[in-house]
There are 2 protein chains.
Amino acid sequence: MPLNRDIYQALESILGAAHLTDQETDLQCYGYDATAYAGLPEAVAFPGTTEEISAILKLAHEHRFPVIPRGAGSGMSGGSVPCRGGLVLVLSRLNRILKIDTLNFLAVVEPGVVNRDLQQAVEALGLFYPPDPASMNFSTLGGNVAECAGGARAVKYGVTRDYVLGLTAVLPTGEIMRTGVQTVKGVVGYDVTRLLVGSEGTLGVITEITLKLLPKPETRRPVLAFFNRLDQAAQAVVEILHGGVLPSTLEFLDQPSIRAVEDYLHLGLPREAEALLLIEVDGERQEVERQSLRVREACEKLGATGTRLAQTAAEAEDIWKARRAVSPALFRLRPNKINEDIAVPRSRIPEAIRRFQEIAARHDLLIVSFGHAGDGNIHVNVMYDQKREGQESRARQAVEEIFKTVLALGGTLSGEHGIGLAKAAYLPWELDPVNLAVMKKIKDLLDPNHILNPGKIFPA
Amino acid sequence: MPLNRDIYQALESILGAAHLTDQETDLQCYGYDATAYAGLPEAVAFPGTTEEISAILKLAHEHRFPVIPRGAGSGMSGGSVPCRGGLVLVLSRLNRILKIDTLNFLAVVEPGVVNRDLQQAVEALGLFYPPDPASMNFSTLGGNVAECAGGARAVKYGVTRDYVLGLTAVLPTGEIMRTGVQTVKGVVGYDVTRLLVGSEGTLGVITEITLKLLPKPETRRPVLAFFNRLDQAAQAVVEILHGGVLPSTLEFLDQPSIRAVEDYLHLGLPREAEALLLIEVDGERQEVERQSLRVREACEKLGATGTRLAQTAAEAEDIWKARRAVSPALFRLRPNKINEDIAVPRSRIPEAIRRFQEIAARHDLLIVSFGHAGDGNIHVNVMYDQKREGQESRARQAVEEIFKTVLALGGTLSGEHGIGLAKAAYLPWELDPVNLAVMKKIKDLLDPNHILNPGKIFPA
């Protein structure tokens, strides 16, 4: 049902005219995310309270218009794209850090708080919020929770779901629900909190989040290592972990990534290396000192052709520069990319990368892989030029072959970006049909009129 | 509907006569758990495969007889007690460790594997499965997952839910469902895995579990500290955590617990101490050495009247003896106890303990508290003598006052034992009504005929 004049006026009376718009330019501004997907909503709302959101969803439930929750619009799977018109619900006004409890190590935040802002606020008090998606400088905690965002530190610290203790959410019917606890442990009833985490804005609009915090590690230190063969890098990862060191990050770049970064920044990276590992350890100063030496030794033992151990903050920054430059460097190779975030059991990374290269060769495309070696979560980038005949369709074909490869290796289609629009069609490739049927039934149960973020996750 | 002769014969043809019984002695053997609750089933089944369980649940769904999944029967909330007759489904034959993957740090187990057996098997390979409920020597991993068991190491390592990557479960309709992933990250669809974790055998029968493992810490070392005032101990906990040390366990005993243990074992514990802290750190040898000294310093700074730092394994064992002796020691005080496992934000522990003592005084009862100071999960034991007029009803009254106190302090009614039969009546005291309604709807959705573990979790 289209969002007609009566509904618009009802929304205006809930929100006030200043917080609702249907101006064409506004509609366009809130129709896209970080993917190539875009849509045009019929209106955009900027609610200021949980109660306003409740009133809006009651209206939507009654009149059956789509409501699409949106944080910073930095999602990587089209999750906040209004693909069926309706009302985009922008949560940027709900941006307060409501509490940082330094005795009980928890924070209570509204969904519009930017990840980095919370990190800085808690670190100033000697605390630590580990989840660090690459988008942390601009993505919001509401979006992080909705997508169950991961990040580089997941290998040691886990993902967003591991830090969410409780939520306030507005259900698609407009009911306001409080879940979870304020304690680290809590097993009263079903885990409705984690049912909402990663539900991509399809089961409820999250309006308050209680997060677990940790003590802030005293220091951290990165080590960089190059390997002529991918297998050596993979063995080094196992060697490090079995040696009792659990690094806070364990990142890798494949050869095309290394070359792209080197051509872009001229950092002196060896173009012949098949893999680069960036391993950061954190903790107490003396422990970090000792562990970083052990990491370097493990890499050398497994045949690293070169290693660098940061002695100063400037050197650490230099080491991280290589990792951070990958994404911008890629666009110098080809104007378009499809960025997938599959995960495989980490021992299968070398085989996965080799098969991706075979797929690239078969389709005459460039495929560049980098990501989280510690947890097997690889960002696979299929690079192409939309303007060149047939490249885009070959790229789409390559993505399907990548998915098949990943599933054959015991992996998953998304480690941290979610399904959204981008992978909805492929959901049945991975999920057991009974499990998928249960998910659909849960959606129908909580959103009988399918008004909340319709068209996402499930195949059409 | 009672389990009649026809159904019994149908079960026999699924299981074989050797794996089904309705002998009175057998029925009694499988009618209780670690609480005072007991019931009598109509039959007891010992299935050997997922497929047999599926066939049994299809039969139960059709003929509407209760099925009660059971691991070791060591539950602390009546979760596996057959309170409405029916069939007890004993999972002890499904007791194989199917895989330990030393490259990808994961294990695949059947539900009947005893926690300790998995711990020993993975530690022999340099790996580590952290969840350590006090029952770990006999409780099964299926039960641990069904209850989302915690343990002493939760303060550093989290609880069972944090280690479950995927499940095979048989739904109440008999359908076999596979959930989750084999990778640390995975965000494909809703988190049905964690919906089953902690669902206390009411949403599905878990038949296979994929668990995340960690590298085994090199060593561990306990520190014991006594405090004349409870507040000092609570401040020491904060001081330790803010100092950047995250202990693997952070246990406490209150004064009645200390006295009970001392009267029982004569370890030389100071009877005047209001609190004892047992703090264990783990990790690399040198780090553990340094951190245990820092822990002792923090305790001394906050006024500990005595500390002991284990120098040898024998000394470590001695220190742990005090903590392990609490439960047996309590029964020397009074013949009966009600053991609750509430949790409060850890800064509220002193206030909680003080209020519990006021409740004890008001009802002329003995209340003994000990547990996990790091995460606020306290085992509150209301001690009484059933044979003495009025004590039991006063104990029940005291428990209700304890619950009210805990909720007023921002806590939860169960940190790790679950709701089962024991706390079902109190569920609405804690849960938001919308959240509770959602839980009930999920139960109805997956188990429309209410055949799986009926009478548990939800108030009658």
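Scroll up a little and you will see the structure.
What comes next is a walk through the structure. Position numbers for residues count from 1 along each chain, tracking the sequence in the order it is written. Working convention: letters from A go to chains and numbers from 1 go to ligands, in the order in which they are written. Reporting of local features is limited, given that this is a predicted model, to residues whose pLDDT is at least 70; pairs of side-chain atoms are given and counted only at 80 or more, and all residues count toward the totals for whole chains, interfaces and linings. Excluded from the side-chain calculations are hydrogens and water; all other atoms, namely the structure's heavy atoms, are used.

1. A short note on the interface of chain B and chain A
At step 1: Contacts between the two partners involve 84 residues from chain B and, on the opposite side, 84 residues from chain A.
At step 2: Between chain B and chain A, the buried area comes to about 7,100 Å², and carbon and sulfur atoms account for 60% of it.
At step 3: Think of a salt bridge as a Lys or Arg side-chain nitrogen and an Asp or Glu carboxyl oxygen that are within 4 Å of each other. Here chain B is connected to chain A by ten salt bridges.
At step 4: A salt bridge links glutamate 416 of chain A to lysine 185 of chain B, with the nearest nitrogen and oxygen atoms 2.8 Å apart.
At step 5: Polar contact is defined as a pair of N or O atoms within 3.5 Å, subject to the rule that within protein one atom must be able to donate a hydrogen and the other to accept it, and that residues adjacent in sequence are counted only when both atoms are side-chain atoms. At the surface where chain B touches chain A, the tally comes to 34 residue pairs in polar contact (both at pLDDT 80 or more).
At step 6: Where the side of chain B that touches chain A is concerned, the elements lending two or more residues are β9 (176–180), α7 (192–196), α8 (230–242), α10 (285–301), α15 (427–430) and α16 (433–446) of chain B.
At step 7: Partitioning the side of chain B that touches chain A into residue classes produces 37 nonpolar, 27 polar and 20 charged. Throughout, a residue-residue contact means that at least one pair of heavy atoms, one from each residue, lies within 4.5 Å. A 1.4 Å probe defines the accessible area here, and the buried area is the portion of it lost by two parts on being joined, summed over both. In DSSP terms, a helix is any run of H or I states spanning at least four residues, a strand is any run of E spanning at least two, and both are numbered starting from the N terminus. Three residue categories are used. Nonpolar comprises Ala, Val, Leu, Ile, Met, Phe, Trp, Tyr, Cys and Pro, charged comprises Asp, Glu, Lys and Arg, and polar comprises the others, including Gly.

2. Remarks on the sheet that holds strand β5 (residues 97–101) of chain A
Residues and elements named next belong to chain A.
At step 1: We call two strands paired when DSSP finds no fewer than two bridges between them. With antiparallel pairing, five strands are arranged side by side in an open sheet as β5-β6-β10-β8-β9. The open sheet has two edge strands with one neighbour each: β5 and β9 (176–180). Across the sheet, the mean angle from the axis of one strand to that of its neighbour is 10°, orientation sign disregarded.
At step 2: Relative to strand β10 (residues 205–212), strand β8 (residues 164–170) is paired through six bridges, and the arrangement is antiparallel. Each bridged residue has a counterpart across the sheet, and for valine 164 the counterpart in β10 is leucine 211.
At step 3: Lying on the sheet, helix α4 (residues 115–123) is in contact with β5, β6 (106–109) and β10; it crosses β5 at an angle near 35°. Here the axes come from fitting lines to C-alpha atoms, over the contacting stretch only for helices, and the angles between their N-to-C directions go from 0 to 180 degrees.

3. Describing the state of the cysteines
At step 1: What counts as a disulfide here is a pair of cysteine sulfur atoms lying within 2.5 Å. Counting across every chain of the model gives zero disulfides over all chains.
At step 2: Left unpaired, cysteine 148 of chain A is separated from the closest cysteine sulfur, that of cysteine 148 of chain B, by 16 Å.
At step 3: Classification of residues uses two cut-offs on accessible area relative to the type maximum, computed with a 1.4 Å probe and protein chains only: under 20% is buried, over 50% is exposed, and between them is partly exposed. Its relative accessible area of 2% is what places cysteine 148 of chain A among the buried residues.

4. A few points about the relation of the copies chain B and chain A
At step 1: When the copies are superposed, the least-squares fit takes in the C-alpha atoms of residues with a pLDDT of at least 70 in both. The transform that puts chain B on chain A rotates by 180° and translates by 0.0 Å along the axis, for an RMSD of 0.0 Å. These values place the two chain copies in the arrangement generated by a two-fold rotation axis.
At step 2: Most of the interface of chain B is mirrored in chain A: 100% of its interface residues are interface residues there too.

5. Looking at the environment of glutamate 12 of chain B
At step 1: Locating glutamate 12 of chain B in the fold gives a position in helix α1 (residues 5–15).
At step 2: In this structure glutamate 12 of chain B touches Ala17 and Leu20 of chain B, once residues within four positions along its chain are discounted.

6. Here's the deal with the packing of aromatic side chains
At step 1: For Phe, Tyr and Trp, where Trp contributes only its six-membered ring, two rings pair if their centres lie within 6.5 Å, and the inter-plane angle classes them as stacked under 30 degrees, edge-to-face over 60, or tilted in between. Considering all chains together, one arrives at twelve aromatic pairs over all chains under this definition.
At step 2: Between the aromatic rings of tyrosine 30 of chain B and phenylalanine 46 of chain B, the centroid separation amounts to 5.4 Å while the plane-to-plane angle is 80°, which identifies the pairing as edge-to-face. Highlighted residues: tyrosine 30 of chain B in the loop between α2 (24–29) and β2 (43–45) and phenylalanine 46 of chain B in the loop between β2 and α3 (50–63), separated in sequence by 16 residues.
At step 3: Ring geometry for phenylalanine 403 of chain B versus tyrosine 426 of chain B: centroids 4.9 Å apart, planes at 70°, classification edge-to-face. Note that phenylalanine 403 of chain B is positioned in helix α14 (residues 391–408) and tyrosine 426 of chain B in the loop between α14 and α15, a separation of 23 residues in sequence. Taken as a pair, phenylalanine 403 of chain B and tyrosine 426 of chain B share a single burial class, namely buried.
At step 4: One aromatic cluster is present, built from ring pairs that chain together Phe403, Tyr426 and Trp429 of chain A.
At step 5: Look at NZ for Lys and CZ for Arg. If either is within 6 Å of the ring centre and within 35 degrees of the ring normal, a charge sits over the ring. The ring of tyrosine 32 of chain A is capped by arginine 70 of chain A, whose NZ or CZ atom sits 5.4 Å from the centre of that ring.
At step 6: Taking the ring centre of tyrosine 163 of chain B as reference, the NZ or CZ of lysine 212 of chain B above it sits at 5.5 Å.

7. Overview of the packing of helix α13 (residues 349–363) of chain A against helix α14 (residues 391–408) of chain A
Residues and elements named next belong to chain A.
At step 1: For the pair α13 and α14, the least separation of the axes is 10 Å and the interaxial angle reads 155°. What the angle tells us is that α13 and α14 run roughly antiparallel. The two elements α13 and α14 cross, and the hand of that crossing is right-handed. Two secondary-structure elements touch here, α13 through Arg355, Phe356, Ile359, Arg362 and His363 and α14 through Arg394, Gln397, Ala398, Glu401, Ile402, Thr405 and Val406.
At step 2: Of the residues in the contact of α13 with α14, the class split is five nonpolar, three polar and four charged. Any angle that falls under 35 degrees is termed roughly parallel, while one over 145 is termed roughly antiparallel, one within 65 to 115 roughly perpendicular, and all others oblique. Each helix crossing is assigned a hand: it is left-handed if the near helix lies turned anticlockwise from the far helix by less than a right angle, otherwise right-handed if that turn is clockwise.

8. With respect to the pairing of strand β6 (residues 106–109) of chain B
Residues and elements named next belong to chain B.
At step 1: Where burial is concerned, the two faces of β6 agree: the one with Leu106 and Val108 and the one with Ala107 and Val109 are both buried.
At step 2: The pairing of strand β5 (residues 97–101) with β6 spans four bridges and is classified as antiparallel. Paired with lysine 99 across the two strands is valine 108, which belongs to β6.
At step 3: By the bridge criterion, four bridges tie β6 to strand β10 (residues 205–212) in an arrangement that is antiparallel. Bridge pairing in β10 places valine 109 opposite isoleucine 209.

9. Some words on the packing of helix α10 (residues 285–301) of chain A against α10 of chain B
At step 1: At a minimum axis distance of 10 Å, the contact between α10 of chain A and α10 of chain B shows a crossing angle of 180°. When the interaxial angle is binned, α10 of chain A and α10 of chain B end up roughly antiparallel. Residues Gln286, Glu287 and Arg290 of chain A of α10 of chain A form the contact with α10 of chain B, whose own contacting residues are Gln286, Glu287 and Arg290 of chain B.
At step 2: Considered class by class, the residues forming the contact of α10 of chain A with α10 of chain B number no nonpolar, two polar and four charged.

It is worth stressing that arrangement in space is one thing and function is another; only the former is reported here.
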